[in-house]
Amino acid sequence: MTERGNGGTGDGISSYVTQRRSDGRDLRYPEAPEPLRVPVYDNHAHMEILDGEEPLSLDEQLDRAAAVGVAGVINAGGDIESSRWCAEAAAAHPRVLAAVAIHPNDAPLYEEAGKLDEAIAVIDELAAQPRVRAIGETGLDFFRTDDAGKPAQFRSFEAHIALAKKHDLAMQIHDRDAHRDVLDTLSRVGAPERTVFHCYSGDDAMARECADAGYYLSFAGNITFKNAQNLRDSLHVTPLDRILIETDAPFLTPTPYRGRPNASYLIPVTLRFMAAELSMDVDALSARLAANTVAVYGSFTD
Ligand SMILES: [Zn+2]
Ligand SMILES: [Zn+2]
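Residues numbered from 1 in each chain as written. Chains lettered and ligands numbered in written order. Predicted model: local features only at pLDDT ≥ 70, side-chain atom pairs only at ≥ 80, totals over all residues. Heavy atoms only, no water.

(A) View of the overall build of the chain. Along the chain, the regular secondary structure elements total 10 helices and 10 strands. Computed over its C-alpha atoms, the radius of gyration of the chain comes to 18 Å, within 12% of the 19 Å expected for a compact globule of 302 residues. Each principal axis of the C-alpha distribution contributes one length, and for the chain these read about 50 × 45 × 40 Å. When each of the 302 residues of the chain is scored for burial, the buried share is 57%. By element, 48% of the accessible surface of the chain is carried by carbon and sulfur atoms, the whole surface being about 12,000 Å². When the 29 positive and 47 negative side-chain charges of the chain are each reduced to one mean point, those points stand 2 Å apart. (Helix = DSSP H or I, 4+ residues; strand = E, 2+ residues; numbered from the N terminus. Rg over C-alpha atoms; globule rule 2.2 N^0.38 Å. Buried < 20%, exposed > 50% of the residue type's maximum accessible area, 1.4 Å probe, protein only. Areas by Shrake-Rupley, 256 points an atom, 1.4 Å probe, with all protein chains shown as cover. Lys, Arg positive; Asp, Glu negative; His and termini not counted. Charge placed at Lys NZ, Arg CZ, Asp CG, Glu CD.)

In structure tokens:
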């Protein structure tokens, strides 16, 4: 769970927001990149987590994104409060769709409090709303959760897989240091029809395995990091109709802005990097990514 903050985003929806820790980072938002000619979407962000020396409101985040050709954002929840916020934001804004879930690192905390089932029941309810288009982020995280928390993570993950199937929604997987267990769980219980690895973090062998299973790989700004050759190798072996792009904002700001606040308007930085990596025309990659987003989450205008 992130630290709880106060204050609304000034846009008529729930005042629930959190504040990212500053940790001595450079808190200036990077300058806006050159606009994309073909509009795309940010497939995974946390617009309710404020960051920066002058945090951007929800409307400001969406306006800045639209100004550079990022026409919409899928905002992902991680606990009851943020998932409710996501659903409200999506209901109120034509440029927002929601993903709702209990995050794998939060599942053990709810379980300890005897409240995991209750929490999953709330997600089940939210999942019925028309602009909630995904269950996420769910999955496994063995980086931040120790062995004692694993049973709750597995139980929560399987319950979320069942919800995605029940509501015929896409699923956004958070997989950190748990590649084999995530893949095995999906094949054991059966993956939802539209399964996305958000902030894909595996290697090219795993990317091939995902492609064979029909999963989508969503690449974030860390694909631009010097030490992330595994991600660039993965991009090269992923079929074009299985590639998505996201910010995971306010985290994972692409090079050369690493550590500074991230927001959906920085998608073009990562997209141009991916196009160069693939030796592909930026407009053609944009069109492909936008079509993939709609294939997974449906239209923003419905
Ligand atoms: Zn995640
Ligand atoms: Zn995330």
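Past the structure itself, the notes keep going.
(B) Molecular detail of the coordination of the zinc ion (ligand 2). Protein ligation of the zinc ion (ligand 2) involves His44 (NE2), His46 (NE2), Glu137 (OE) and Asp248 (OD), the donor distances falling in the range 2.1 to 2.3 Å. Geometry at the zinc ion (ligand 2) is irregular, judged from the four donor atoms that bind it and their angles of 88 to 177 degrees at the metal. Along the chain, the residues donating to the zinc ion (ligand 2) fall in the pattern H-x1-H-x90-E-x110-D. Distance-wise, the zinc ion (ligand 1) is placed 3.5 Å from the zinc ion (ligand 2), both being coordinated by Glu137. Note that Glu137 is positioned in strand β6 (residues 132–141) and Asp248 in the loop between β10 (243–245) and α9 (267–277), a separation of 111 residues in sequence. (Donors = N, O, S within 2.8 Å, 3.2 Å for Na, K, Ca; no water. Tetrahedral: all angles 85-135°; square planar, octahedral: opposite > 155°, others 65-115°.)

(C) Seen up close, the sheet that holds strand β8 (residues 195–197). Spatial ordering of the open sheet is given by β2-β4-β5-β6-β7-β8-β9-β10, a layout of eight strands whose pairing is parallel. The open sheet has two free edges, formed respectively by β2 (40–45) and β10, since each of these has just one partner strand. The sheet shows a mean angle of 30 degrees between the axes of neighbouring strands, direction not considered. Sheet topology places β8 next to strand β9 (residues 216–219); two bridges connect them, and they run parallel. What sits directly across from Val196, in β9, is Tyr216. Packing against the sheet, helix α6 (residues 179–189) makes contact with β6, β7 (170–176) and β8, and its axis sits at approximately 150 degrees to β7. (Pairing = 2+ DSSP bridges. Axes fitted to C-alpha atoms, helices over the stretch in contact; angles between N-to-C directions. Contact = heavy atoms within 4.5 Å.)

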